[in-house]
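Here's the letter readout for the chains.
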Amino acid sequence: MQFRKAVISDIPVIQQIAEKAWRPTYSHILSEDQTIYMLAMMYGTEVLMKQINSQIAFYLAVEEDLVIGYFAMEITEPSKMKLHKIYLDPDQKSKGAGTKIIEFIKDVAFKAGVRQIELNVNKFNSAVQFYEKIGFFRAKEMVLDIGNGYVMDDYVMQLNLESAQ
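Keep in mind it's a predicted model, so treat the numbers as computed, not measured.

Caption draft 1: Quick peek at the nonpolar core. With 27 residues, the main nonpolar core has Leu83, Ile105, Ile117 and Tyr131 as its most contacted residues. Those elements that provide at least two residues to this core are strand S2 (57-63), strand S3 (66-77), strand S4 (80-88), helix H4 (97-111), strand S5 (116-122), helix H5 (127-133) and strand S7 (150-160). For this core, the leading source of residues is H4, giving five residues. Setting aside anything within four residues of it in sequence, one finds Leu83 in contact with Phe71, Ala72, Met73, Ile102, Ile105, Ile117, Glu118 and Leu119.

Written out as structure tokens, the structure reads:
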């Protein structure tokens, strides 16, 4: 598996993976209306253009010339990184790709002097167990108003890199 920074021309493939991944991940958690709202809010072309052109490091995971996932991370403090998003094509789950992505993120973090990675994950997302298995812990809970009468009900999870080795 290889990782490369996303560019503007990658937006359609990012949107395709988001569309394919979100419903199986969230259909038991979110209404279809909220899913449509959040996909537009987080994956609209303008939104992705701003993210790709910002200080957020937006990457694609590529296997045999096929984009199988994406992730975005940002150093928010000298010793802290925020993992903004990580999604795989549902056909690629449980094949080790998520673990390889996390290992890459940890390597980037170490090289940058980061000692803690933080992410938000919906409390009812099965990814909570994946994150715990690889060393993240539930640091706190957060309910975030995202507009239109919707909220994100999340765990803020953290990985302390010194203890993750």
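The discussion continues.
Caption draft 2: Representation of the confidence of the model for the protein chain within the structure. Mean pLDDT over the protein chain: 93, with 98% of residues reaching 70 or higher. Ranking the elements of the protein chain by mean pLDDT puts helix H6 (residues 161-164) last, at 68, and S5 first, at 97.

Caption draft 3: Expanded view of the environment of Met38. Along the chain, Met38 turns up in helix H2 (residues 32-43). Here Met38 falls in the buried class, since its relative accessible area comes to 4%. Put simply, Met38 and Ile56 are 18 residues apart on the chain and 19 Å apart in space, counted from C-alpha to C-alpha. Those residues in contact with Met38, other than ones at most four positions away along the chain, are Trp22, Leu30, Tyr43, Ile146 and Met152.

Caption draft 4: Representation of the sheet that holds S4. Here seven strands make up an open sheet; going across it, the order is S1-S2-S3-S4-S5-S7-S6 and the pairing mixed. Only two strands of the sheet have a single partner each, and these edge strands are strand S1 (2-5) and strand S6 (137-147). Taken pair by pair, the neighbouring strands of this sheet meet at an average axis angle of 30°, ignoring direction. Where S4 lies against S5, four bridges are found, and the strand directions are parallel. Residue pairing for S5: Met81 is matched across the bridge by Ile117. Packed on one face of the sheet, H2 meets S3, S4, S6 and S7 and runs near 60° to S7. Along the sheet, H4 contacts S1, S2, S3, S4, S5 and S7; its crossing angle with S4, the most-contacted strand, is approximately 160°.

Caption draft 5: Layout of the packing of aromatic side chains. Counting across every chain of the model gives 14 aromatic pairs. Between Phe58 and Tyr70, the aromatic rings sit 6.0 Å apart at their centres with planes inclined by 25°, giving stacked as the arrangement. In this pair, Phe58 sits in strand S2 while Tyr70 sits in strand S3, placing the two residues twelve residues apart along the sequence. Each of the two residues, Phe58 as well as Tyr70, counts as buried. Ring centres of Tyr59 and Phe71 lie 5.4 Å apart, and the angle between their planes is 5°; this geometry places the pair in the stacked category. Of this pair, Tyr59 sits in strand S2 while Phe71 sits in strand S3, placing them twelve residues apart in sequence. Since its relative accessible area comes to 12%, Tyr59 is described here as buried. Taken together, Trp22, Tyr26, Tyr43, Phe58, Tyr70 and Tyr87 form an aromatic cluster joined through their ring pairs. Cation over ring: Arg138 sits above Tyr155, and NZ or CZ is 4.5 Å from the ring centre.

What counts, and where the lines are drawn
- Residues numbered from 1 in each chain as written.
- Predicted model: local features only at pLDDT ≥ 70, side-chain atom pairs only at ≥ 80, totals over all residues.
- Heavy atoms only, no water.
- Core = buried A, V, L, I, M, F, W, Y, C linked by side-chain atoms within 4.5 Å.
- Buried < 20%, exposed > 50% of the residue type's maximum accessible area, 1.4 Å probe, protein only.
- Helix = DSSP H or I, 4+ residues; strand = E, 2+ residues; numbered from the N terminus.
- Contact = heavy atoms within 4.5 Å.
- pLDDT = per-residue confidence, 0-100.
- Pairing = 2+ DSSP bridges.
- Axes fitted to C-alpha atoms, helices over the stretch in contact; angles between N-to-C directions.
- Phe/Tyr/Trp six-rings, centres within 6.5 Å; stacked < 30°, edge-to-face > 60°.
- Lys NZ or Arg CZ within 6 Å of the ring centre and 35° of its normal.

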